[in-house]
Amino acid sequence: MDKYLKGIFLASCLFTSSLYAQTVKILQKDSVKTSLRGLYVYDNKVLWTSGSNGMIGKSQDAGETWEWIRIPGYYKIDFRDIEAFSKSSAIVMGVDEPAYILKTTDGGITWKNVFKDTTQGMFLDAMEFWNEESGIVIGDPIDNKFFIARTFDGGNKWRGLPIENYPVADNGEACFAASGTNIRKLNKAEACFVTGGLKSRLFIRDKKIDIPFTQGKATCGANSVAVKDENTLIVVGGDYLNVDSASNNCFITKDGGNTWSVPQVPPHGYRSCVQYLGGKEWVCCGTNGVDYTKDDGKTWKWISQDDFNVCNKAKYGKAVFFAGDNGAIGKLIF
């Protein structure tokens with residue numbers, strides 16, 4: 001190789017390396033017995049997480065140290081999603097029979113039960129808030145209709161939609177409560193959500209849009225959606241029983257779901273959560289690791305093989321964190 005070609009080769013290697021210089025730093029693992037699936041990063045310092053065995057976690061120093069809380073009377077509840085409004089105020093969702101939503105305004109010292117539903121088959125999947133007042137929660141179908149409730153006072157009161165307005169599910173279609181991210185705000189007034197199981201679709205208003213995930217298996221389909229704008233969305237999932245399969249695990253739309261494309265290099269396995277970071281950058285995570293893209297999902301780089309269920313970017317800041325089984329907490333290092 002002559003000096004000119006060698007220079008080009010070295011420059012190319014350096015460029016490729018710098019293009020994906022991101023890594024994941026493990027902040028803690030195996031310190032608390034819980035599977036974390038709820039995560040909300042308020043700013044670069046304050047983050048909340050929630051999981052099984054009634055566990056709530058709060059950090060005020062960017063995940064270096066944690067206060068772990070088990071709410072009296074709710075020790076066996078699986079808290080699959082959490083939203084936070086400050087270092088003092090947060091709302092957490094417990095999934096099934098009865099389904100609960102609890103709220104704290106004093107940093108987790110006390111919690112108020114703001115929603116309880118004992119309906120047979122009730123299973124809440126995820127929450128989303130447009131702002132500190134307006135929010136939505138979605139649950140698996142009962143009598144073939146997805147449960148949806150709204151709040152307009154910061155989660156203090158919740159009201160289900162009229163039954164005739166519940167979205168209708170196909171047989172075997174449901175939502176995966178994998179990371180609290182199967183429902184997302186689409187714009188200032190509307191939300192969208194994704195489904196999996198025997199049918200995988202994107203729901204926007206009255207539109208039900210097929211997503212070309214592998215169909216017909218209860219373990220397959222969309223787990224998470226992230227929104228760049230009303231037209232540009234990325235959906236991830238796959239088969240959670242086949243965690244290393246990169247087949248049909250990520251789909252991209254740039255026209256609001258009318259058409260879908262697949263990445264040239266997909267995420268490297270089943271992915272339970274995807275998060276938009278800004279510009280053309282996104283991150284997703286799952287049972288066998290974390291992938292990062294800088295080209296709107298066209299190519300994904302496997303930057304970590306650590307197991308995480310959920311990722312989230314700071315509402316006020318740029319920090320990105322991960323949470324997973326055995327109390328695992330990670331931070332994206334740029």
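Bear in mind that the values here come from a model prediction, so they are computed numbers and not experimental data.

Rules behind the numbers
- Once a new chain begins, its residue numbering starts again from 1 and follows that chain's sequence as written.
- With the structure being a predicted model, the display of local features is reserved for residues of pLDDT at least 70 and the display and counting of side-chain atom pairs for 80 or more, all residues being used for whole-chain, interface and lining totals.
- To obtain the side-chain values, all non-hydrogen atoms of the structure were used and water was disregarded.
- Within this document, salt bridges are pairs made up of a side-chain nitrogen of Lys or Arg and a carboxyl oxygen of Asp or Glu, the two lying within 4 Å of each other.
- We count a stretch as a helix when DSSP gives it H or I for four or more residues in a row; a strand needs E for two or more, and each element gets its number in order from the N terminus.
- Each residue's exposure class comes from its accessible area (1.4 Å probe, protein chains only) as a fraction of the maximum for that residue type: buried when under 20%, exposed when over 50%, partly exposed otherwise.
- Between two residues, a contact is recorded if the distance between any of their heavy atoms is within 4.5 Å.
- Two aromatic rings from Phe, Tyr or Trp, using only the six-membered ring of Trp, form a pair when their centres are within 6.5 Å; if the ring planes differ by under 30 degrees the pair is stacked, by over 60 it is edge-to-face, and anything between is tilted.
- A 3.5 Å cut-off defines polar contacts: any pair of N or O atoms within that distance qualifies, except that in protein one atom must be a possible hydrogen donor and the other a possible acceptor, and neighbouring residues in sequence count only when both atoms are side-chain atoms.
- Only strands that DSSP links by at least two bridges are regarded as paired with each other.

A. Layout of the pattern of salt bridges. Taken as a whole and assessed by the stated rule, the structure comprises nine salt bridges. R201 is the salt-bridge partner of D170, the closest N and O atoms lying 3.8 Å from each other. With D170 in the loop between β13 (159-160) and β14 (173-174) and R201 in strand β18 (residues 201-204), this pair connects stretches of sequence that are 31 residues apart. A salt bridge links K217 to D239; the shortest N-O distance between them is 2.9 Å. Residue K217 is found in the loop between β19 (207-210) and β20 (220-227), and its partner D239 is found in strand β21 (residues 233-239); the two are separated by 22 residues along the sequence.

B. Summary view of the side chain of S52. Along the chain, S52 turns up in the loop between β3 (47-51) and β4 (55-59). Using a relative accessible area of 16% as the deciding quantity, one classes S52 as buried. The contacts of S52, once residues within four sequence positions are left out, are T34, S35, I77 and D78.

C. Geometry of the packing of aromatic side chains. The tally for this structure, following the rule as stated, stands at 15 aromatic pairs. On the numbers, 5.2 Å between centres and 75 degrees between planes, the contact of F85 with F129 is edge-to-face. Of this pair, F85 sits in the loop between β6 (79-84) and β7 (90-94) while F129 sits in strand β10 (residues 124-129), and the two are 44 residues apart along the sequence. Accessibility classification places F85 together with F129 in one group, the buried group. Measuring from ring centre to ring centre gives 5.6 Å for F146 and F203, while their planes differ by 75 degrees; the resulting arrangement is edge-to-face. One end of the pair, F146, is in strand β12 (residues 145-151); the other, F203, is in strand β18, with 57 residues separating them in the sequence. The class for F203 is buried, based on a relative accessible area of 3%. By way of ring pairs, the aromatic residues F85, F129 and W158 are connected into one cluster.

D. Up close: the side chain of T104. Tracing the backbone through its elements, the reader meets T104 in strand β8 (residues 99-104). You can call T104 buried: its relative accessible area is 0%. Looking at T104, its side chain comes within polar contact range of the main-chain nitrogen of G108, at 2.9 Å. From its side chain, T104 meets the backbone oxygen of T110 in a polar contact 2.8 Å long.

E. Region of interest: the pairing of strand β27 (residues 310-313). In this structure, β27 lies alongside strand β28 (residues 320-323), joined through four bridges in antiparallel fashion. In the sheet register, N312 faces β28, and the bridge partner there is F321. If you look at the hairpin formed by β27 and β28, you'll find six residues sitting between the two strands, and G317 has a positive phi there, around 145 degrees.

F. Structural context of the sheet that holds strand β11 (residues 135-142). Read from one edge of the open sheet, four strands run β10-β11-β12-β13, paired in antiparallel fashion. Across the chains shown, the open sheet's two edge strands, defined by having one partner strand only, are β10 and β13. Two strands pair when backbone bridges link them, and β12 and β13 are joined in this way by two bridges, in the antiparallel orientation. What sits directly across from A149, in β13, is G160.

G. Highlighting unusual backbone geometry. With an omega of -5 degrees, the peptide bond running from E97 to P98 counts as cis. Mapped onto the elements, P98 comes out in the loop between β7 and β8. At D30, a position not held by glycine, the phi torsion is positive, near 65 degrees. Along the polypeptide, D30 turns up in the loop between β1 (23-28) and β2 (36-41). With a phi close to 60 degrees, N53 is a non-glycine residue in the positive phi region. Judged by relative accessible area, N53 falls into the partly exposed class, the value being 32%.

H. Looking closely at the pairing of β7. Burial within β7 is extensive, with five of its five residues counted as buried. With burial as the criterion, each face of β7 is covered, one bearing A90, V92 and G94 and the other bearing I91 and M93. Sheet topology places β6 next to β7; five bridges connect them, and they run antiparallel. When the bridges of β7 are listed, E83 appears paired with I91. What sits between β6 and β7 in their antiparallel hairpin is a turn of five residues. Relative to β8, β7 is paired through five bridges, and the arrangement is antiparallel. In the strand pairing of β8, A90 is matched with T104. The hairpin formed by β7 and β8 contains four residues between the paired strands, and E97 there has a positive phi angle of roughly 25 degrees.

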